[in-house]
Amino acid sequence: MPETIINAINMALSEEMERDDRVVVFGEDVAETGGVFRATEGLKDRFGGTRVVDTPLSEIAIAGGAVGLAVFGLRPVAEIQFSGFLPPAFDQLVTHASRMRWRTRGEWSAPLVVRTPYGAGIRALEHHSESLEGAYAHIPGLKVVIPSTPYDTKGLLKASIRDPDPVLFMEPKHVYRSIREEVPDGDYQVPIGEAAVRREGEDVTVISWGAMMQQTLEAVSELDVDAEVIDLRTISPMDRETVVESVRKTGRCVVVHEAPKSGGWGSEIIATINDEVLMYLEAPIERVTGFDIPVPLLSMEDYYIPHPPRIAEAIERVAGYDA
């Protein structure tokens, strides 16, 4: 039966808790109600109240607790209800989790996962719709993973739980339940740090991740352009090789992301392309992004989120550029 991203998260957590009794899940409302999006529903009934725990409303305490549990041998999976509430946890991720291996010269590490829904599209309140992946990808020692499909969600979350270092696992809540595909029962992993080529093409490379991958694929499907579509899947570490090889082939590139344009991860992608394959470019690279403002409330989100017509226009401009 085809599964949603929410189902895939629940499957991954359940299987990893069954496989390894060091895996513990905690966060605001994750135990009694299964989380605000029901991603952890049923886990407390199956694994008990010592492995699935509701916490106080304190993001810094949740992240700090994860660091302590990880250092002393457990595999904590902490949930922050919305990524807009991550800033209080920023201190623990930067000051302790990300540098534990470096600080102790390899004697200790912090193998933890922080799960958090990110992005706009559900008409949420202030601080519920941010896309701040670029800020966290800037932290050495912290991996930032963003799936876009149910299959990848399960495989990437399992890989993140088993990773020897901290992982920020950002979940595209806009498509939590709107995408379905076959997700195998049983064990498999999707490697961290490897992009996926969602569509092969020769004319232009289009790069995106998370919820914007669906918008991008929809835009491409309506164009008479042979576009190659790359899903980064992991922001940090980024699969630079796949990006570079694709742009070397097409000579043209469009980057799509929901975060604000200034300082967004698209800037790093473009810098990588300029470093490695500048002389192969046949057109200026374009970015289709959110705007340099807070995410607007309610229906105004529709104007903020890059939508297929805006993406399609950029692809056509780049594909048709002739110096």
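Take the overall build of the protein next. Across its full length, the protein holds 12 helices and 12 strands. Taking 323 residues into account, the globule formula puts the C-alpha radius of gyration at 20 Å, and the protein, at 19 Å, falls close to it. With respect to the principal axes defined by its C-alpha atoms, the protein has extents near 65 × 45 × 40 Å. Here the protein, with 323 residues, has 57% of them falling under the buried criterion. Look at the contacts in the protein between residues 6 or more apart in sequence, and 80% of them connect residues 24 or more apart. Of the roughly 13,500 Å² of accessible surface on the protein, a fraction of 52% belongs to carbon and sulfur atoms. The distance from the centre of the 31 positive side-chain charges to the centre of the 52 negative ones in the protein is 5 Å.

With that settled, the discussion passes to the sheet that holds strand β3 (residues 75-79). An order of β2-β1-β3-β4-β6-β5-β10 is seen for the 7 strands of this open sheet, with the pairing classed as mixed. Strands at the two margins of the open sheet, each flanked by one partner only, are β2 (52-54) and β10 (234-236). Pairwise comparison of adjacent strand axes, ignoring direction, gives a mean angle of 20° for this sheet.

A cluster of nonpolar residues, Leu278, Met279 and Tyr280, forms a patch on the protein surface that exposes about 370 Å² of accessible area. In this structure, Met279 sits in the loop between α10 (265-277) and β12 (286-290).

With that settled, the discussion passes to the pattern of salt bridges. Throughout the structure, instances matching the rule amount to 25 salt bridges. Asp231 serves as the salt-bridge partner of Arg198, at 3.0 Å between the closest nitrogen and oxygen. In this pair, Arg198 is assigned in strand β7 (residues 196-199) and Asp231 in strand β9 (residues 227-231), connecting sequence segments 33 residues apart. Note that Glu228 and Lys249 form a salt bridge whose closest N and O atoms lie 2.5 Å from each other. One end of the pair, Glu228, is in strand β9; the other, Lys249, is in helix α9 (residues 240-250), and 21 residues separate them in sequence. A relative accessible area of 5% means that Glu228 is categorised as buried. Counted as one network, the salt bridges with shared partners bring together Glu15, Glu16, Arg19, Asp20, Arg22, Lys154, Lys158, Arg162 and Asp187.

How two helices sit against one another is set out by the angle between their axes and by the gap between those axes. The N-to-C vectors of helix α8 (residues 212-221) and helix α12 (residues 308-319) enclose an angle of 60°; their axes lie 8 Å apart at closest approach. Taken together, α8 and α12 sit at an angle that is classed as oblique. The chirality of how α8 crosses α12 is right-handed. Contacts between α8 and α12 pair Gln215, Thr216, Glu218, Ala219 and Val220 from the former with Pro308, Ile311, Ala312 and Ile315 from the latter. Each residue belonging to the contact of α8 with α12 can be placed in one class, and the counts come to 6 nonpolar, 2 polar and 1 charged.

Turning to the environment of Glu245, a few remarks are in order. When you line up the elements, Glu245 lands in helix α9. The sequence separation of Glu245 and Glu276 amounts to 31 residues, and the corresponding C-alpha distance is 9.6 Å. In terms of polar contacts, Glu245 uses its side chain to reach the side chain of Arg248, at 2.4 Å.

What follows covers the pairing of strand β4 (residues 113-118). Of all 6 residues that make up β4, 6 are buried, and the element is covered over most of its length. Side chains Val113, Arg115 and Pro117 project from β4 onto one buried face, and the interleaved Val114, Thr116 and Tyr118 project onto a second face that is buried too. Pairing geometry for β3 and β4, over 3 bridges, is parallel. Considered in β4, the bridge of Glu79 is made with Arg115. Judged from the 6 bridges that link them, β4 and strand β6 (residues 167-172) form a sheet pairing that is parallel.

Quick look at the nonpolar core now. Counting 57 residues, the largest nonpolar core has Leu13, Leu157, Val204, Val254 and Ile315 as the members making the most contacts within it. Residues contacting Val204, with those up to four places away along its chain left out, are Val225, Asp226, Ala227, Glu228, Thr250, Arg252, Cys253, Val254, Ile315 and Val318. Membership of the second largest hydrophobic core comes to 45 residues, among which are Phe26, Leu93, Met170 and Ala195.

The rules we used
- Residues numbered from 1 in each chain as written.
- Predicted model: local features only at pLDDT ≥ 70, side-chain atom pairs only at ≥ 80, totals over all residues.
- Heavy atoms only, no water.
- Helix = DSSP H or I, 4+ residues; strand = E, 2+ residues; numbered from the N terminus.
- Rg over C-alpha atoms; globule rule 2.2 N^0.38 Å.
- Buried < 20%, exposed > 50% of the residue type's maximum accessible area, 1.4 Å probe, protein only.
- Contact = heavy atoms within 4.5 Å.
- Areas by Shrake-Rupley, 256 points an atom, 1.4 Å probe, with all protein chains shown as cover.
- Lys, Arg positive; Asp, Glu negative; His and termini not counted.
- Charge placed at Lys NZ, Arg CZ, Asp CG, Glu CD.
- Pairing = 2+ DSSP bridges.
- Axes fitted to C-alpha atoms, helices over the stretch in contact; angles between N-to-C directions.
- Patch = residues over 30% accessible without salt bridge, like charges linked within 9 Å, V, L, I, M, F, W, Y side chains within 5 Å.
- Salt bridge = Lys/Arg side-chain N within 4 Å of Asp/Glu carboxyl O.
- Parallel < 35°, antiparallel > 145°, perpendicular 65-115°, else oblique.
- Left-handed = near helix turned anticlockwise from the far one by under 90°.
- Nonpolar A, V, L, I, M, F, W, Y, C, P; charged D, E, K, R; others polar.
- Polar contact = N/O pair within 3.5 Å; in protein donor to acceptor, adjacent residues only side chain to side chain.
- Core = buried A, V, L, I, M, F, W, Y, C linked by side-chain atoms within 4.5 Å.

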